[in-house]
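# Examination of the molecular architecture
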Amino acid sequence: MEDPAVGPLDLAARVDEALRVQAVAFGLTEEEILVRRHIVLRHLATPGARAYGAVTAAGRLVGFVYGLPCDRSQWWASVVEPYLRKNGADDWLDDSFTVTELHVLPDYQGRGIGRRLITTLTDQVAQPRSLLSAIDTDSPARGLYRKLGYRDLARQVRFPSAPRPYAVMGAVLPLRRHEPRHGTRERTGR
């Protein structure tokens, strides 16, 4: 299987293809896809929003990532703010870049594509920190985020209509490229 190229993605033009990737990788219904389509297009209108894709030589999108500068007035920030405040971490909502979605087709997972997508995205932003949310379980995605330097800022975060709780994670940028050596201190961003 070929190694896809990672580069800037015109997500507005390829939103339906990207949502098919997300539907397979994350398990979305047709109704959820329609709702998310509007959300993605609205997010892309935010100044500073960026998207990158993993595309095969044949032009097939096999993974994507996008995000935008965090703003406390955004829906996501308003939901996570009380959880972060309870843990003394609500300052992370200021001067951070939020990774909104990261998905790779299952056949392409485990090949470093997700890592390349998220590091390429966050390397291009002006903010000194990054936030994201992930289902609060011990998953390969959470393992990847930890390896990159993300740490839990809040757990058991409940989003309206989401059946499972999420964890909000934060990392100082640039993201880590290698595992920390035993005995070294992690960066905290504070």
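Residues numbered from 1 in each chain as written. Predicted model: local features only at pLDDT ≥ 70, side-chain atom pairs only at ≥ 80, totals over all residues. Heavy atoms only, no water.

### Quick notes on the nonpolar core
If you look at the biggest cluster of nonpolar residues, it comprises 41 residues, and the most contacted ones within it are L11, L117, I118, L132, Y145 and Y150. At six residues, the largest contribution of residues to this core is made by strand 3 (residues 61–69). Among residues more than four places away in sequence, those in contact with L11 are A18, V40, L44, A51, F64 and Y66. Formed by 18 residues, the second largest nonpolar core is a distinct cluster that contains A77, V80, V157 and V172. (Core = buried A, V, L, I, M, F, W, Y, C linked by side-chain atoms within 4.5 Å. Buried < 20%, exposed > 50% of the residue type's maximum accessible area, 1.4 Å probe, protein only. Helix = DSSP H or I, 4+ residues; strand = E, 2+ residues; numbered from the N terminus. Contact = heavy atoms within 4.5 Å.)

### Looking at the environment of P160
Assignment of secondary structure puts P160 in the loop between strand 6 (151–157) and strand 7 (166–172). Between the C-alpha atom of P160 and that of V55, which follows or precedes it by 105 residues, the distance is 33 Å. In contact with P160, not counting residues within four places along its chain, are W75 and V79.

### A short note on the environment of A126
Mapped onto the elements, A126 comes out in the loop between helix 4 (113–123) and strand 5 (129–135). Overall, A126 belongs to the exposed group, its relative accessible area being 77%. Linking A126 and D95, residues 31 residues apart in sequence, is a C-alpha distance of 8.9 Å.

### Concerning the pairing of strand 5
Of all seven residues making up strand 5, six are buried, and the element is well covered by its neighbours. Pairing geometry for strand 4 (residues 96–104) and strand 5, over three bridges, is parallel. Opposite F97, over in strand 5, you have S130 as the bridge partner. Regarding topology, helix 4 serves as the crossover connection from strand 4 to the parallel strand 5, and that connection is right-handed. (Pairing = 2+ DSSP bridges. Right-handed = clockwise from strand over helix to strand, strands pointing away.)

### Here we look at the pattern of salt bridges
Per the counting criterion, the structure on display carries 14 salt bridges. Here D91 and R129 are joined by a salt bridge, their closest N and O atoms 3.7 Å apart. Residue D91 is found in the loop between helix 3 (75–86) and strand 4, and its partner R129 is found in strand 5; the two are separated by 38 residues along the sequence. Relative accessible area serves as the criterion here: at 29%, D91 is assigned to the partly exposed category. Judged by its relative accessible area of 10%, R129 falls in the buried class. Between D152 and R155 there is a salt bridge whose closest N-O contact spans 3.7 Å. Exposure remark for R155: the relative accessible area of 46% places this residue in the partly exposed category. (Salt bridge = Lys/Arg side-chain N within 4 Å of Asp/Glu carboxyl O.)

Any functional reading would require information beyond the geometric quantities listed.
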